[in-house]
Each structure stands twice: as structure tokens, then as C-alpha cells.
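Topology and contacts: notes
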Amino acid sequence: MSLMFGKARTCNIVTVPEHEPSEVNIVILGAMGSGKSALTVKFLTKRFISEYDPNLEDTYSSEEVVDQQPVLVKVMDTADQEGPVNSERYLGWANAFIIVYSIDNRSSFEVCQQYLETVSLYSKGLQPEAPVILLGNKVDMERYRHA
Ligand SMILES: Nc1nc2c(ncn2[C@@H]2O[C@H](COP(=O)(O)OP(=O)(O)OP(=O)(O)O)[C@@H](O)[C@H]2O)c(=O)[nH]1
């Protein structure tokens, strides 16, 4: 990102950046504690951080290169308490959905059904339909697997 400082000047020429990145909005859904924030932070910073504010819902941006093209990826890390609530806040915004469960927690897997239904009901009429990924998280907990 480049920042410009100094006085604003009037200019008749409007320059459009040659390589304006396209944008993709991704929503991360899933049960509390399934690891949505950890995944989001890992994607953005390449680091695993173990504790997050469970009530914090925020959207983060990262410039990525996909097929040699710049893409501005926006990630909304949601914080639903139990299953989908007020889903309108992300349904219209999202281009893709990642539904996360924790492999050591059966109920986090079961609640994915509700998210899948909400998302597929919404994206049914869309052309093309928004991609949905079901993601089993915490694979290091294999010996405690319940889902
Ligand atoms: N063992 C293990 N623990 C993880 C992993 N990812 C996240 N955790 C832990 O799981 C707990 C919940 O992670 P969060 O990222 O806060 O989960 P969340 O889905 O954002 O939870 P809410 O914010 O409550 O919705 C934290 O203690 C994390 O450290 C993982 O891959 N393996």
C-alpha cells in the first residue's frame, strides 16, 4: 500500500491505477471456538495466535496475488453465538463462504448443517453460486477426533 502525504492539489487528470486489484469477500462461519479467528489471523499474518476476543467480529483485508493478478481479499471473521443469526449482514456481501468446525467437537460439526442450509438457500438463485468450503479445523487434535 502506498500512502501520500502533503497538501491536496486540484488536478484535471484522473488517473486510474493500471493494476487495480479485483476484490473478493470471504466470510468465515462456524461454532464458537472452532478456530475461525485463529484461521483468519494465520491467513493474514502466517502466525498462530492462541487467544482471541470471542465476541469480536471484524473484517480484514489482505492483498494477495492469484494467477499473477493482484486480488484484494477481505475476510469477515464472524462471531455468532449458536448457529446463524442475522445472516443478512454477510450474505449479500460475500463472494465465498468458509464454514469451520473443530474435529474434536461433534456439536461444532453438527451446527455446520445450519450454516450450509442458510448459505445454500441464499446462493441458490445466484449465477454463479458462491463457493462454500466446509473446513475441519484443529487437525493436530486427531486423537480426540469426534467429527
Ligand atoms: N489445538 C488447536 N487449537 C486451536 C486451533 N485453532 C484454534 N485453536 C484454539 O481454539 C480456541 C478457539 O479459537 P478461536 O480462533 O478463538 O475460535 P473462534 O471460532 O474464532 O471462536 P469465537 O471467537 O468464540 O467464535 C483458542 O483457544 C485457539 O487457541 C488449532 O488448529 N489447533
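The model shown is predicted, which means the values in this text are computed figures rather than measured ones.

**Notes on unusual backbone geometry**
Although it is not a glycine, Asp67 sits at a positive phi angle of roughly 50°. Topologically, Asp67 is positioned in the loop between strand E2 (58-66) and strand E3 (69-77). Among the residues examined, Asp67 registers a relative accessible area of 65% and is labelled exposed. The phi angle at Lys138 is positive, at roughly 65°, despite the residue not being glycine. Tracing the backbone through its elements, the reader meets Lys138 in the segment after strand E5 (132-137).

**Observations regarding the environment of Ser37**
Of note, Ser37 is situated in helix H1 (residues 36-45). On a C-alpha basis, the gap between Ser37 and Asn137 in space is 12 Å, while along the polypeptide they are 100 residues apart. Within the local environment of Ser37, its side chain forms a polar contact with the side chain of Asp77, the two groups lying 2.7 Å apart.

**Section: helix H4 (residues 112-123)**
The end-to-end C-alpha separation of H4 is 16 Å, in line with the 16 Å expected for 12 residues at 1.5 Å each. Taken together, the buried positions of H4 are Cys112, Tyr115, Thr118, Val119 and Ser123. Along H4, the residues classed as buried sweep out an arc of 130° about the axis, all on the same side. On its buried face, H4 sits against strand E1 (22-30), helix H2 (88-91), strand E4 (96-102), helix H3 (106-110) and E5.

**Side note on the sheet that holds E5**
Here 5 strands make up an open sheet; going across it, the order is E2-E3-E1-E4-E5 and the pairing mixed. Edge positions in the open sheet fall to E2 and E5, since each of these has one partner strand only. Across the sheet, the axes of successive neighbouring strands diverge by a mean angle of 25°, strand direction being ignored.

**Quick notes on the pairing of E3**
The pairing of E1 with E3 spans 7 bridges and is classified as parallel. From the neighbouring strand, Ile26 faces E3, where its bridge partner is Val75. Two strands pair when backbone bridges link them, and E2 and E3 are joined in this way by 9 bridges, in the antiparallel orientation. Considered in E3, the bridge of Glu63 is made with Leu72. Linking two consecutive strands that pair antiparallel, namely E2 and E3, is a turn of 2 residues; a positive phi of about 50° is found at Asp67 within it.

Rules used throughout
Residues numbered from 1 in each chain as written. Predicted model: local features only at pLDDT ≥ 70, side-chain atom pairs only at ≥ 80, totals over all residues. Heavy atoms only, no water. Helix = DSSP H or I, 4+ residues; strand = E, 2+ residues; numbered from the N terminus. Buried < 20%, exposed > 50% of the residue type's maximum accessible area, 1.4 Å probe, protein only. Polar contact = N/O pair within 3.5 Å; in protein donor to acceptor, adjacent residues only side chain to side chain. Expected span 1.5 Å × (residues − 1). Arc of directions from axis to C-beta. Contact = heavy atoms within 4.5 Å. Pairing = 2+ DSSP bridges. Axes fitted to C-alpha atoms, helices over the stretch in contact; angles between N-to-C directions.

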